[in-house]
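This is what each chain is made of:
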Amino acid sequence: MSRKQQKRRRESQSHDHHRGSGTEPVRVEEQQLLLALSPENISTEKLMEQICEWTNLCQALDRVKANKGSAGLDRMTVEQLDGWLVKHRENVKAALLDGAYHPKPARGVMIPKPGGGMRQLGIPTVVDRVIQQAILQVLDPILDPTFSQHSYGFRKRCSAHHALKEAARIVKEGRTIVVDIDLEKFFDRVNHDILMGRLARRIQDKRLLKLIRKYLQAGILQNGVRMNRDEGTPQGGPLSPLLANFLLDELDKELERRGHHFCRYADDCNIYVKTETAGMRVMESITRFLKKKLKLKVNQKKSAVSLVSTRKFLGYRIHEDGSLSVAPQSMERVKAKVRKMTHRRAPRALEGTIKNLNQYLTGWIHYFKLSEYKRPLAGLDGWIRRRFRAAKLYQLKRPRTLRRFLESQGISKRASRNIASSGKGKWRLARSNGIHRAMSNAWFKSMGYIELEETWKRINGKLKETAVYGTVRTVV
């Protein structure tokens, strides 16, 4: 072989290597990029074999165990999964590949909605959760890369914070009117035929399509009564969020085609326009589109065209200048939770109550760390401390016990006696000067209470404060 031929061969091998067609495997990121650019070139005829691979099932098992969760109808717990799956994996694999596997009905559970009413969850058996998770791990890299960049719910490397930042950016550009679309009982109204028809365009493995339809139609057993399902994707299984995003991606593509600026998180979709007239027109046309194309109904009572500052999005309020704050509804919700955890008649010692409440408030403030206003947080801190003071007064009960406690905190005997003999109620007394001095902010810190305002400052790495309309706003 001549030198020129050897050189051409080396160049050809190097070119093939960089294309991913050589012996070296293509990285996962490259596969996803290729998939997003040309999904039609990816074969989906034998996905069930990938789903049933032992390594994929083991990953699904680990994920289900990490999520924990309640048992389904068969009462098998997550802890029993390992032994059961090792013993029956061949039978399960054979049934899945032959199309003979039949999912069990989900266990129905009703939970309260934050805004009132009840939401139904369908809790599959732990075995079905593993299988759904295994399906998700194979389908997600195929479907997710083709989803709209404006969809943020239940996706890797996306979160509610990403959606809020993008929404705030859009509002800063002058689109201060929001078309807030709420889908009426979305997860209960998903049309199976429409969903499966669209899936069939992307998935060629008919065994997988048949299995997904079985999961959709498995039904729910609640109070001893089985309810068959002709529509809906019950919340509670690992596969439901992906199927919901897949169906609503058609809405995203339609909004993109029309050139709208929007953010969608699961079934919560906000479209931003500049005028109310444009908003009304968008609301009317999108309502028609959803009804005609996806058989979905817009909840007219909860949907609206309004100024962004009058609506909430993912628990936040977006102001006309694009700044974010905790929505009033979210503030009322956290107060209701604190009332429940700091009930005065609770037998728990104050230290234990503070410890439990700290766990909840830490998660709460980390979610609302994007808020740019600290005054509501300072007010919430003061209200929570007053709740604690009233609870402590109730626990002390007798005037003599209260007087001794106040004296131990450095309050004079005369002032302690006057407070202890006061006929004021505990909530009103908790606001008095003597009680404040006895149970000061520093005393609460020594008891372990984390202040929301201080935690917010620490999380955001506050650099400078600027007064805006009488409220201190953080500029980071």
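Further up the page is the structure itself.
(A) View of a positive patch on the surface. Together, Lys-397, Arg-398, Arg-400 and Arg-404 line one region of the surface with positive charge. Note that Arg-400 resides in helix H16 (residues 399–408). We classify Arg-400 as partly exposed; its relative accessible area is 47%.

(B) Spatial organisation of the sheet that holds strand S9 (residues 312–313). The strand order across the open sheet formed by three strands is S9-S10-S11, and the pairing between neighbours is antiparallel. At either margin of the open sheet sits one strand with a lone partner, and together these are S9 and strand S11 (324–326). Both S9 and strand S10 (residues 316–318) contribute to a ladder of two bridges, which runs antiparallel. Residue pairing across strands places Phe-313 opposite Tyr-316, the latter belonging to S10. Along the sheet, helix H13 (residues 328–341) makes contact with S9, S10 and S11, crossing S11 at roughly 30°.

(C) How the structure looks around unusual backbone geometry. Not every positive phi belongs to a glycine, and Lys-185 is a case in point at roughly 45°. As for its position among the elements, Lys-185 is in the loop between strand S3 (177–182) and helix H8 (186–189). Its identity is not glycine, yet Leu-314 carries a phi of approximately 55°, on the positive side. Within the secondary structure, Leu-314 sits in the loop between S9 and S10.

(D) Representation of the packing of helix H9 (residues 192–202) against helix H11 (residues 240–257) in the model. Put simply, H9 and H11 touch, their axes get as near as 10 Å, and they point 85° apart. Classified by the angle between their axes, H9 and H11 sit roughly perpendicular to one another. For the pair H9 and H11, the contacting residues are Ile-194, Leu-195, Arg-198, Leu-199 and Arg-202 in the first and Leu-243, Phe-246, Leu-247 and Glu-250 in the second. Here the residues of the contact of H9 with H11 are counted per class, giving six nonpolar, no polar and three charged.

(E) Inspection of the packing of aromatic side chains at higher detail. The final tally for this structure, using the stated rule, is 10 aromatic pairs. A centroid spacing of 6.0 Å and a plane angle of 75° characterise the contact between Phe-388 and Tyr-449, whose relative ring orientation is edge-to-face. Residue Phe-388 is found in helix H15 (residues 375–396), and its partner Tyr-449 is found in the loop between helix H20 (441–446) and helix H21 (452–460); the two are separated by 61 residues along the sequence. Taken as a pair, Phe-388 and Tyr-449 share a single burial class, namely buried. Centroid distance Phe-405 to Trp-443: 6.3 Å. Interplanar angle 75°. Geometry classified as edge-to-face. Taken as a pair, Phe-405 in helix H16 and Trp-443 in helix H20 lie far apart in primary sequence, 38 residues in all. Each member of the pair Phe-405 and Trp-443 is classed as buried. Members of the aromatic cluster, each reached through a chain of ring pairs, are Phe-388, Phe-405, Trp-443, Phe-444 and Tyr-449. It is Arg-386 that lies over the ring of Trp-427; its NZ or CZ is 4.0 Å from the centre.

(F) Expanded view of the pairing of strand S6 (residues 261–265). Sheet topology places S6 next to strand S7 (residues 268–273); five bridges connect them, and they run antiparallel. Across the sheet, residue Arg-264 finds its bridge partner in S7, namely Cys-269. Remark: two residues form the turn of the hairpin made by S6 and S7, two consecutive strands paired antiparallel; Ala-266 in that turn has positive phi of roughly 60°.

(G) How the structure looks around the pattern of salt bridges. Using the criterion set out here, one finds 22 salt bridges in the structure. Its salt-bridge partner being Glu-90, residue Arg-89 comes within 3.9 Å of it at the nearest N-O pair. In this structure, the salt-bridge partner of Arg-189 is Glu-184, at a minimum N-O distance of 3.6 Å. For Arg-189, a relative accessible area of 26% translates into the label partly exposed. Bridged by salt links that share partners, the residues Glu-166, Arg-169, Glu-173 and Arg-175 form one connected network.

Basis of the calculations
- Every residue gets a number counted from 1 within its own chain, in the order that chain's sequence is written.
- Only residues with pLDDT of at least 70 get local features here, since the model is predicted, and only at 80 or more are side-chain atom pairs given and counted; chain-wide, interface and lining totals rely on the full set of residues.
- The side-chain numbers reported here are obtained from all heavy atoms of the structure, hydrogens and water having been left aside.
- Each patch is built from residues lacking any salt bridge and having more than 30% relative accessible area; the joining distance is 9 Å for like charges and 5 Å for nonpolar side chains (Val, Leu, Ile, Met, Phe, Trp, Tyr).
- Per-residue accessibility takes into account occlusion by the displayed protein chains alone, with areas from the Shrake-Rupley method and a 1.4 Å probe.
- Definition used for salt bridges: Asp or Glu carboxyl oxygen within 4 Å of a side-chain nitrogen of Lys or Arg.
- Charge counting treats Lys and Arg as positive and Asp and Glu as negative, with His and both chain ends excluded.
- Think of each charge as sitting on NZ of Lys, CZ of Arg, CG of Asp or CD of Glu.
- Secondary structure elements follow DSSP: runs of H or I no shorter than four residues count as helices, runs of E no shorter than two count as strands, and numbering proceeds from the N terminus.
- Any residue under 20% of the maximum accessible area for its type is buried, any over 50% is exposed, and the rest in between are partly exposed; the area is computed with a 1.4 Å probe on protein chains only.
- Between any two strands, at least two bridges found by DSSP are needed for them to pair.
- Here, two residues are considered to be in contact whenever any of their heavy atoms come within 4.5 Å of each other.
- A fitted line through C-alpha atoms represents every axis, and for helices the fit uses only the stretch in contact; the resulting angles, taken between N-to-C directions, go from 0 to 180 degrees.
- Note on terminology: angles under 35 degrees are roughly parallel, angles over 145 are roughly antiparallel, angles of 65 to 115 are roughly perpendicular, and the others are oblique.
- Three categories are distinguished: nonpolar for Ala, Val, Leu, Ile, Met, Phe, Trp, Tyr, Cys and Pro, charged for Asp, Glu, Lys and Arg, and polar for the others, with Gly belonging to the last.
- For this analysis, a ring pair means two rings from Phe, Tyr or Trp (six-membered ring only for Trp) whose centres lie within 6.5 Å, classed as stacked if their planes differ by under 30 degrees, edge-to-face if by over 60, and tilted for the remaining angles.
- Remark: a charge is flagged as sitting over a ring if the NZ atom of Lys or the CZ atom of Arg is within 6 Å of the ring centre and within 35 degrees of the ring normal.

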